[in-house]
Amino acid sequence: MQDAPRGGGSSRPRRAAGRGDDRATEKRGRRRLILGGIGVIAMLALALLALFSSCSGPTGQAPEGQENVKETPAEPSSESDESGDGEPSSTPQDQWRQGEMPYLYQTDPQWADVAYSNGTFAEQGCGPTALSMVYIYLTGKTDLDPGAMAAFSTGNGYATDQDGSSWELMTEGAQKLGLSSEVLSAVSSRLEEELEAGHPLICVMEPGTFTKVGHYIVLERMGQDAKVVVHDSNSVGRSMRTWDLDLICAEASNIWSFSLA
């Protein structure tokens, strides 16, 4: 017979006094810490959301006191790339109306291969094309499409041997067609006045945004976005949008305003 354990107690091993209580306390502490952290994160998220909402305004709207600005594109008759490559389609002749400027392109197959200046019309025909658009807009006549205007320019000595079209096409030439032209200073407010009066403008652009060498473009009117609607005979892409008048003034070497004589 074995002796009973000393002290008469149970033979089961004893746990250290208070150990279970300590573990329970630790678990409760960790739980409180986790819940507290989640609460802090949630409060920070709500604060950030409230701050963002107050800065941005309602969904889909600009901040209070500011207007949504949308660029108003022009409406060309076809699409092409920015460089004018490809074969853009000009506004059909049966749609030409007085007071409505057609979109005409020097690279249009109807006249692109016509000989002009020291090359083809597609290469050198921006001057006659610009004047043709202005002529149609002011008179409503259909007798001078870009090809016919090229013949007029050549026949009257305005087609140069090297540089396309002489500036005299826009003065003497315009006068022979029953148009009056006036040279304008490159001041945006002055240009806007002429456009608001219904007077289209032709600009000679220096190398920059519109050309690498030199180029005639037409300014038809002011758009709803306070920018100008441009007809660029060498680029549908540049004709599909509106432009700042300050940019035009900065890059133009000469500007004419046109009206009926």
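What counts and what doesn't
Residues numbered from 1 in each chain as written. Predicted model: local features only at pLDDT ≥ 70, side-chain atom pairs only at ≥ 80, totals over all residues. Heavy atoms only, no water. Core = buried A, V, L, I, M, F, W, Y, C linked by side-chain atoms within 4.5 Å. Buried < 20%, exposed > 50% of the residue type's maximum accessible area, 1.4 Å probe, protein only. Helix = DSSP H or I, 4+ residues; strand = E, 2+ residues; numbered from the N terminus. Contact = heavy atoms within 4.5 Å. Phe/Tyr/Trp six-rings, centres within 6.5 Å; stacked < 30°, edge-to-face > 60°.

As recorded in an unreviewed UniProt entry, the protein goes by C39 family peptidase and comes from Thermophilibacter immobilis.

What follows covers the nonpolar core. Grouped together as the largest cluster of nonpolar side chains are 27 residues, with contacts concentrated most on Leu131, Ile202 and Phe258. Listing elements by their share of this core, those giving two or more residues are α3 (126-139), α4 (146-155), β4 (201-205), β5 (215-222) and β8 (252-260). Among the elements that take part in this core, α3 stands out by supplying nine residues, more than any other. If near-sequence neighbours (up to four positions away) are discounted, Phe258 is found in contact with Leu131, Val134, Leu138, Met170, Ala174, Ser180, Ser181, His199, Pro200 and Ile202. Leu191, Leu195, Leu201 and Cys203 belong to the second largest nonpolar core, which has 18 residues in total.

The geometry of an aromatic ring pair is captured by two quantities: the separation of the ring centres and the angle between the planes. Going through the model one piece at a time under the given rule, you end up with five aromatic pairs. Taking 5.9 Å as the distance between ring centres and 70 degrees as the angle between the ring planes, the aromatic pair formed by Tyr116 and Phe121 counts as edge-to-face. Measuring from centroid to centroid gives 6.3 Å for Phe152 and Tyr158, while their planes differ by 45 degrees, and the two rings are tilted. Just as Phe152 is buried, Tyr158 falls in that class too.

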